[in-house]
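# Inside the fold
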Amino acid sequence: MSADRVHLFDTTLRDGAQTTGVDFSLDDKRAVAALLDRLGVDYVEGGYPGANPLDTAFFEQKATKQAKFAAFGMTKRAGRSAANDPGIAALLDAKADAIVFVAKSWDYHVHVALEISLEENIAGITESVAAAKAAGREVMLDCEHFFDGYKANPDYALACARAAYEAGARWVVLCDTNGGTLPDEIGAIVREVAKVVPGDHLGIHAHDDCGCAVANSLAAVEAGARQIQGTLNGLGERCGNANLVTLIGTLKLKERYRDRFSLGIEEAQLAELAHVSRTLDEMLNRAPNRHAPFVGASAFATKAGIHASAVLKDPRTYEHVSPEATGNTRKVLISDQGGKSNLVAELERIGVTLGRDDPRLNRVLQEVKDKEAQGYAFEGADASFFLLVKRILGEVPEYFAVERFAVNVERRYNALGALVTFSEAIVKVKVGDELLISAAEGDSGPVNALDIALRKDLGRYQSMIEGLRLVDYKVRIFQGGTDAVTRVLIESGDETGERWTTVGVSANIIDASFQALVDSITYKLVKAGATA
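This section reports on the structure supplied with the text. (Residues numbered from 1 in each chain as written. Predicted model: local features only at pLDDT ≥ 70, side-chain atom pairs only at ≥ 80, totals over all residues. Heavy atoms only, no water.)

Turning to the side chain of His207, a few remarks are in order. When you line up the elements, His207 lands in the loop between β8 (202–206) and α9 (213–222). The exposure class of His207 is buried, given its relative accessible area of 3%. Polar side-chain contacts of His207 include one of 3.2 Å to the side chain of His205. A distance of 3.5 Å separates polar atoms of two side chains, one belonging to His207 and the other to Asn241. Ignoring anything within four residues of it in the chain, the contact list for His207 reads Asp15, Asp176, Thr177, Gly179, Ala213, Arg238, Gly240 and Asn241. (Helix = DSSP H or I, 4+ residues; strand = E, 2+ residues; numbered from the N terminus. Buried < 20%, exposed > 50% of the residue type's maximum accessible area, 1.4 Å probe, protein only. Polar contact = N/O pair within 3.5 Å; in protein donor to acceptor, adjacent residues only side chain to side chain. Contact = heavy atoms within 4.5 Å.)

In this section: unusual backbone geometry. In this structure, Glu115 takes a positive phi of about 55° despite not being glycine. Mapped onto the elements, Glu115 comes out in the loop between α4 (107–114) and α5 (118–134).

With that out of the way, let us pick up a nonpolar patch on the surface. Nonpolar side chains collect at one region of the surface, where Val475, Ile477 and Ile509 lie side by side and expose about 230 Å² of accessible area between them. On the secondary structure map, Ile509 appears in helix α19 (residues 509–527). (Patch = residues over 30% accessible without salt bridge, like charges linked within 9 Å, V, L, I, M, F, W, Y side chains within 5 Å. Areas by Shrake-Rupley, 256 points an atom, 1.4 Å probe, with all protein chains shown as cover. Salt bridge = Lys/Arg side-chain N within 4 Å of Asp/Glu carboxyl O.)

Moving on: the sheet that holds strand β2 (residues 7–10). Taken together, the eight strands give a closed barrel; going around it, the order is β2-β3-β4-β5-β6-β7-β8-β9, and neighbouring strands pair in parallel fashion. Ignoring which end each strand starts from, the neighbouring axes of this sheet average 25° apart. Where strand β5 (residues 98–104) lies against strand β6 (residues 138–144), seven bridges are found, and the strand directions are parallel. In the sheet register, Ala98 faces β6, and the bridge partner there is Glu138. Packing of α5 onto the sheet brings it into contact with β5 and β6, and relative to β5 it is tilted by some 180°. (Pairing = 2+ DSSP bridges. Axes fitted to C-alpha atoms, helices over the stretch in contact; angles between N-to-C directions.)

Here we take up the pattern of salt bridges. Counted by the stated rule, this structure contains 27 salt bridges. Where Asp42 meets Arg5, a salt bridge forms, and the shortest distance between an N and an O atom there is 2.7 Å. With Asp42 in the loop between α1 (26–39) and β3 (43–47) and Arg5 in strand β1 (residues 4–5), this residue pair connects regions lying 37 residues apart in the sequence. In this structure Arg5 comes out as partly exposed when scored by relative accessible area, which is 31%. For the salt bridge of Asp472 with Lys474, the shortest nitrogen-to-oxygen distance reads 3.9 Å. Assessed through its relative accessible area of 28%, Asp472 is described here as partly exposed. Owing to a relative accessible area of 34%, Lys474 belongs among the partly exposed residues under this scheme. Put simply, Arg14, Asp15 and Glu45 are held in one network by salt bridges that share partners.

All right, on to the packing of aromatic side chains then. Note on aromatic pairs: each is described by the distance of the centres and the angle between the planes. Inspection of the entire model under this criterion finds 15 aromatic pairs. Measuring from ring centre to ring centre gives 5.5 Å for Tyr48 and Phe72, while their planes differ by 80°; the resulting arrangement is edge-to-face. In this pair, Tyr48 is assigned in the loop between β3 and α2 (53–58) and Phe72 in strand β4 (residues 68–74), connecting sequence segments 24 residues apart. Accessibility expressed as a relative area gives 26% for Tyr48, which makes it partly exposed. In textbook terms, an aromatic cluster arises when at least three aromatic residues are bridged by ring pairs, as seen for Phe58, Phe59 and Phe69. Between the NZ or CZ atom of Arg14 and the centre of the ring of Phe72, over which it lies, the distance is 3.8 Å. The ring of Tyr376 has Lys371 sitting right over it, with the charged end atom 4.7 Å from the ring centre. (Phe/Tyr/Trp six-rings, centres within 6.5 Å; stacked < 30°, edge-to-face > 60°. Lys NZ or Arg CZ within 6 Å of the ring centre and 35° of its normal.)

What follows concerns the sheet that holds strand β13 (residues 401–413). Read across the sheet, three strands follow the order β13-β14-β15 without closing on themselves; strand pairing throughout is antiparallel. This sheet does not close on itself; its edge strands, each paired only once, are β13 and β15 (434–442). Strand-to-strand, the axes of this sheet are offset by a mean angle of 10°, without reference to chain direction. Direction of pairing for strand β14 (residues 419–431) relative to β15: antiparallel, over a ladder of nine bridges.

What follows covers the packing of helix α8 (residues 183–193) against α9. Interaxial distance between α8 and α9 falls to 8 Å at its minimum, and their mutual angle equals 30°. In terms of axis orientation, α8 runs roughly parallel to α9. Our pair here, α8 against α9, has a crossing hand that is right-handed. Along the contact surface, α8 presents Pro183, Ile186, Gly187 and Val190, while α9 presents Ala215, Asn216, Ala219 and Ala220. Split by residue class, the contact of α8 with α9 holds six nonpolar, two polar and no charged. (Parallel < 35°, antiparallel > 145°, perpendicular 65-115°, else oblique. Left-handed = near helix turned anticlockwise from the far one by under 90°. Nonpolar A, V, L, I, M, F, W, Y, C, P; charged D, E, K, R; others polar.)

Within α8, the full set of buried residues consists of Ile186, Gly187, Ile189, Val190 and Val193. For α8, the secondary structure elements touched by its buried residues are α6 (146–152), α7 (154–166), β7 (171–176), β8 and α9.

Written as structure tokens, this is what we have:
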């Protein structure tokens, strides 16, 4: 028996753009559309042409090669024809394959928000869909507040859906706009709607206000719907939309759905899922959700010793799918809760082989636990963990010794009368028998000045660190109060594209930062094969 085709509709660039703190530029929109196109989704909704200059410009040319490019807008205004409605004209002018109309399907909203009759609302749906259909576009209708509307007045909600379908809509999309409907309700209502509109013409658009958007989308598919709308990483206003990343992983990898339904996403594209998710977060300057299903950095991470021991014997003991399927990786974390199994696995991952009976293994484990008691965290600082182990093994040369450093921050008026803040740093290091003193100014703060000064002159090692750069800087407070211990994580990169993270801990944020900076440079030199 052939699998039923489920179509994926992404609205990251329209509904996702309503997320607090998210603002897409025109270049961002083009980049995200290309990312979604390569992933293999069926529809990319680009925005609302005519509503703002950015979206209007975005629809001056088609932004996808494979996926259908969709434009969003409202049905015609009451009191005028579809042919004379400027909003519909803007949609028809857009370089879009599909037009998505949104219309009220809850009688309460028709009366209160639109202040028109129920019949006039349905007439608007019919005329708008017919006009776009006549123009040769694929047409969809988003039935806004459908589930609330159905519970209040099922006959009217169904009449709205039927009107769109009979006017020629390819898809009638049932929207849980307030996000308050539960999965069993979704399933029951979709089954009733499917008696009026065939399931292969029904879509689901779920919001996550009860944390059920993914479950609601799956319930709708099981009840007959064959289009799912969602956003990358669950972006969207309030609590967000259905997370399309999670839905793709579930539909492709869980047997219950994999054998019954097919997507336009192939295995190779599925293996890019983690990359796509993280790329969007980087573009938006957001910290990725480490605990996101399938793609989060911690989605396949094991911390407790007994769990790690089982994972090493057979990953299926604590993994419901293979991490590699979505482009993720397995991690056995090093922490004060872990034991030898965690440590052995992590050492193997970084290329260090120590037998379980090797006495140095106990030394490494004890050192990790002592460090974590002080506030260090090696779960997200692979490079510092690598150096800790290599130092215990006596395999890290002393490339340089820092004799002293000083940082000064000054706020003053410059020659133009503008109030400015800048930082100065001085670092004295000894490389072999050579004493080197470097000074630097940084307009991005004291850590920036310290970073520049430290890397300004390392004598014979200077050429090896020319491509080194600081990529990200994070501060965490390990203990509260006036005596707070500060943990600094620094992500660094180099000319090869490699990235690594180091950690420093101190009651003084500058000192903690300096520790992490020194580790970063030392890691780069070790990897480059430098000798003392």
